[in-house]
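Listed below are the residues making up each chain.
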Amino acid sequence: MKLSSRIPFRLALKQTPEQRSSSIDTYQRTMLHSNLLRLVARGGPKRLMSTATKLTTVEVNDKTGIATLTMNRPPVNSQNVQLLEDLQKSITEIENNKSRGLILTSAMSNVFSAGLDIHEMYNTNEERLRIVWTELQNAWIALYGSSLPTAAAINGHAPAGGCLLATACEYRVMVPNCRIGLNETQLGIIAPKWLMSGFLNVLPKRVAERALTQGRMFTTQEAFEVGLVDEIANSKEEALEKCSAFIGSFAKVNSLARGLTKLQFRAENIKEFEKIREKDVANFIALASRPEIQKDMGIYLENLKKKGKK
Ligand SMILES: CCCCC/C=C\C/C=C\C=C\CC(=O)SCCNC(=O)CCNC(=O)[C@H](O)C(C)(C)COP(=O)(O)OP(=O)(O)OC[C@H]1O[C@@H](n2cnc3c(N)ncnc32)[C@H](O)[C@@H]1OP(=O)(O)O
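In the annotation of an unreviewed UniProt entry, the entry for the protein reads Enoyl-CoA delta isomerase 1, mitochondrial isoform X1, and the organism field reads Drosophila suzukii.

Here it is, written out as structure tokens:
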């Protein structure tokens, strides 16, 4: 079930602030109830499974019952609409197939995800921009709002949207000599609050404010020292093992109580996000359409290409 598709937000816009707040509470209750039903259903036997969409694969370990969701869009897992949609499909599938938890990782050898595909935002029309941003929002809320235990095996660089996905998870394990962070201010853009919320969940406010205003990309070691990642692993395999161990740490915890407790922690951010999501799409379209931003994107893409050829 897709959290994003159930929000009566268009209706809520026509209401008074009091009515709107009560609709959002209704949404929250519905969300908690739906997640509760899913958690109850998860009590049954495990299944062995390996499935694929166009750009993601899901493999469920038959011994642990943990699903590994792998992004596979060479060369850098940049997030185009297809990848964002496939992520949502795979998350929904994992939530429905009785998996015990979800590990997000990448099929690339040195990149977890390069963030949004800048080609998708360059020289395009408003409708495409709307789809890109809406699908980014949808993929984020599907992961952030999942009641399953989630972990990211960050086997490469994770700038911007890559960091967004990693920080939507509950636990992060990263391989050495890579970089992670929200570099938006370095690109001359302001990350909206929801995009920062996973980051703000895991870092002390002071560290987060400085990193976000600097657009800082942390090395693996720095990310570990500030708490942006929980563990360092020497290889992708080790990262996957550590993520499995994290998810395994809930084996003796009632999964319903666990999931609802997690969602209570995240409910405030989700509620805030639902209030502003349509305005946020409009803001993004306005920003990304600006001639100077389009010009900067063109230069940024050229520089990325030149760097690649060196
Ligand atoms: C001013 C520019 C942006 C404005 C955006 C405006 C509005 C958007 C509002 C908010 C959006 C925020 C969320 C985002 O996610 S924005 C995306 C930010 N991402 C980045 O800045 C990452 C850029 N990439 C890198 O730093 C490196 O590629 C990376 C460290 C990930 C990997 O390095 P590596 O050396 O392995 O690979 P490269 O040779 O650099 O790249 C290979 C290949 O891939 C292309 N590419 C890389 N990143 C992207 C991307 N995000 N989108 C599209 N294409 C990308 C790169 O150009 C190379 O292509 P080619 O030369 O093989 O053709």
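Novice: For the packing of helix α4 (residues 126-144) against helix α5 (residues 161-168), give the residues involved together with the corresponding values.
Specialist: One can describe the packing of α4 onto α5 by two numbers: an axis separation of 8 Å at closest approach and a directional angle of 25 degrees. The orientation of α4 with respect to α5, classified from their angle, is roughly parallel. The crossing of α4 and α5 is right-handed. Across the interface between the two elements, Leu136, Trp140, Leu143 and Tyr144 of α4 pack against Gly161, Leu164, Leu165 and Ala168 of α5. Here the contact of α4 with α5 is built from residues that sort into 7 nonpolar, 1 polar and no charged.

Novice: Kindly report on the site of the ligand, identifying the contributing residues and their values.
Specialist: Neighbouring the ligand are 31 residues; Gly115, Ala160, Gly161, Leu304 and Gly308 lie closest to it. Among the secondary structure elements, those contributing two or more residues to the shell around the ligand are α10 (255-289) and α11 (291-309). Of all the elements, α11 adds the most residues to the shell around the ligand, at 8 residues. Taken together, the residues that form the shell around the ligand break down as 17 nonpolar, 9 polar and 5 charged.

Novice: So what's going on with the sheet that holds strand β4 (residues 101-106)? Residues and values would help.
Specialist: Ordered by their spatial adjacency, 7 strands build an open sheet running β1-β2-β3-β4-β5-β7-β10, and the pairing between neighbours is mixed. The sheet is open, and its two edges are formed by β1 (49-52) and β10 (231-232), each paired on a single side. Inspection of the sheet shows strand β7 (residues 171-174) paired to β10 by 2 bridges, in the parallel sense. From the neighbouring strand, Val173 faces β10, where its bridge partner is Glu231. Contacts from helix α9 (residues 236-248) reach β3 (66-71), β4, β5 (150-154), β7 and β10, with the element oriented near 165 degrees to β5.

Novice: Please provide a residue-by-residue account of helix α6 (residues 193-202), values included.
Specialist: With 7 of its 10 residues buried, α6 lies for the most part within the structure. Every buried residue of α6 is accounted for by Trp194, Leu195, Met196, Ser197, Gly198, Phe199 and Val202. Looking at the packing, one finds that the buried side of α6 touches α4, α5, α7 (205-214) and α10.

Parameters at a glance
- Residues numbered from 1 in each chain as written.
- Predicted model: local features only at pLDDT ≥ 70, side-chain atom pairs only at ≥ 80, totals over all residues.
- Axes fitted to C-alpha atoms, helices over the stretch in contact; angles between N-to-C directions.
- Helix = DSSP H or I, 4+ residues; strand = E, 2+ residues; numbered from the N terminus.
- Parallel < 35°, antiparallel > 145°, perpendicular 65-115°, else oblique.
- Left-handed = near helix turned anticlockwise from the far one by under 90°.
- Contact = placed C-beta atoms within 7 Å.
- Nonpolar A, V, L, I, M, F, W, Y, C, P; charged D, E, K, R; others polar.
- Near = placed C-beta within 6 Å.
- Pairing = 2+ DSSP bridges.
- Buried ≥ 20, exposed ≤ 12 C-beta atoms within 10 Å, placed from the backbone.

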